[in-house]
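# Analysis of the macromolecular model
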Amino acid sequence: MPRIALGPAPQGAGRHRSRRARQDEEAAGRDGGALQAPRRSEIEAYLQSGEWKGKAGGYAIQGRAASFVSFISGSYSNVVGLPLFETAALLRAMGEV
């Protein structure tokens, strides 16, 4: 089955973003994974479920779409949406924790 990559944006993408946003993206950009391309019937069932609504990228790795994920690498919490380890490290560095 073909794979759909999950991971950081290609180099040069987002170059008009703030320096801080780029730094945060670089710190978290080591994580990623891949989705197996679902069959048409699986796509239709997923769309009918409505779970995709309001989701960045149209899916939630911790929901029904988890069955399409063949692997992840790095921080699970970052792949889900918030890099908890990195966020805690930043807060500690700022003396907030």
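Because the structure is predicted, anything quoted here is derived from the model rather than measured.

Secondary structure summary: the protein chain contains 4 helices and 3 strands in total. Along the protein chain, from the amino end to the carboxyl end, the secondary structure elements read β-α-β-α-β-α-α. Within the protein chain, the proportion of its 97 residues that are buried is 21%. Long-range contacts, defined as pairs at least 24 residues apart, comprise 61% of the intrachain contacts of the protein chain with a sequence gap of at least 6. Surface exposure of the protein chain reaches about 7100 Å², of which carbon and sulfur atoms provide 55%.

Here we take up the environment of L47. Mapped onto the secondary structure, L47 falls in helix α2 (residues 40-49). Taking the C-alpha atoms as reference points, L47 and Y59, separated by 12 residues in sequence, lie 9.8 Å from one another.

Following the sequence through the fold, E51 ends up in the loop between α2 and β3 (69-73). The buried charged residue E51 lacks any salt bridge, with R64 as its nearest oppositely charged partner at 4.2 Å. Side-chain polar atoms of E51 contact the side chain of Y46, separated by 3.4 Å. Once residues lying within four places of it in the same chain are set aside, the contact partners of E51 are Y46, A60, G63, R64 and A65.

What follows is about the confidence of the model for the protein chain. Residues of the protein chain with pLDDT of at least 70 account for 68%, and the chain-wide mean is 75. Here strand β1 (residues 3-6) stands out as the least confident element of the protein chain, with mean pLDDT 50; α2 is the most confident, with 93.

For the rest of this paragraph, the subject is the nonpolar core. With 7 residues, the main nonpolar core is built from L35, Y46, I61, A65, F68, V69 and V79. Apart from the residues lying within four places of it in its own chain, the contact partners of F68 are A34, L35, Q36, P38, E42 and Y46.

Our next topic: the packing of aromatic side chains. With the rule as written, the count across this model stands at 1 aromatic pair. Here Y46 and F68 contribute two aromatic rings whose centre-to-centre distance is 6.1 Å and whose plane-to-plane angle is 75°, an arrangement assigned as edge-to-face. Residue Y46 is located in helix α2, and its partner F68 is located in the loop between α2 and β3; the two are separated by 22 residues in the primary sequence. The burial state of Y46 is the same as that of F68; both residues are buried.

Take the pattern of salt bridges next. Counted under the stated rule, the structure contains 2 salt bridges. One salt bridge in this structure joins E42 and R39, with 3.7 Å as the shortest N-O distance. Note on E42: relative accessible area 28%, which makes it partly exposed. A residue is classified by how much of its surface remains accessible, and R39, at 52% relative accessible area, is exposed.

How each quantity is defined
- Residues numbered from 1 in each chain as written.
- Predicted model: local features only at pLDDT ≥ 70, side-chain atom pairs only at ≥ 80, totals over all residues.
- Heavy atoms only, no water.
- Helix = DSSP H or I, 4+ residues; strand = E, 2+ residues; numbered from the N terminus.
- Buried < 20%, exposed > 50% of the residue type's maximum accessible area, 1.4 Å probe, protein only.
- Contact = heavy atoms within 4.5 Å.
- Areas by Shrake-Rupley, 256 points an atom, 1.4 Å probe, with all protein chains shown as cover.
- Lys, Arg positive; Asp, Glu negative; His and termini not counted.
- Salt bridge = Lys/Arg side-chain N within 4 Å of Asp/Glu carboxyl O.
- Polar contact = N/O pair within 3.5 Å; in protein donor to acceptor, adjacent residues only side chain to side chain.
- pLDDT = per-residue confidence, 0-100.
- Core = buried A, V, L, I, M, F, W, Y, C linked by side-chain atoms within 4.5 Å.
- Phe/Tyr/Trp six-rings, centres within 6.5 Å; stacked < 30°, edge-to-face > 60°.

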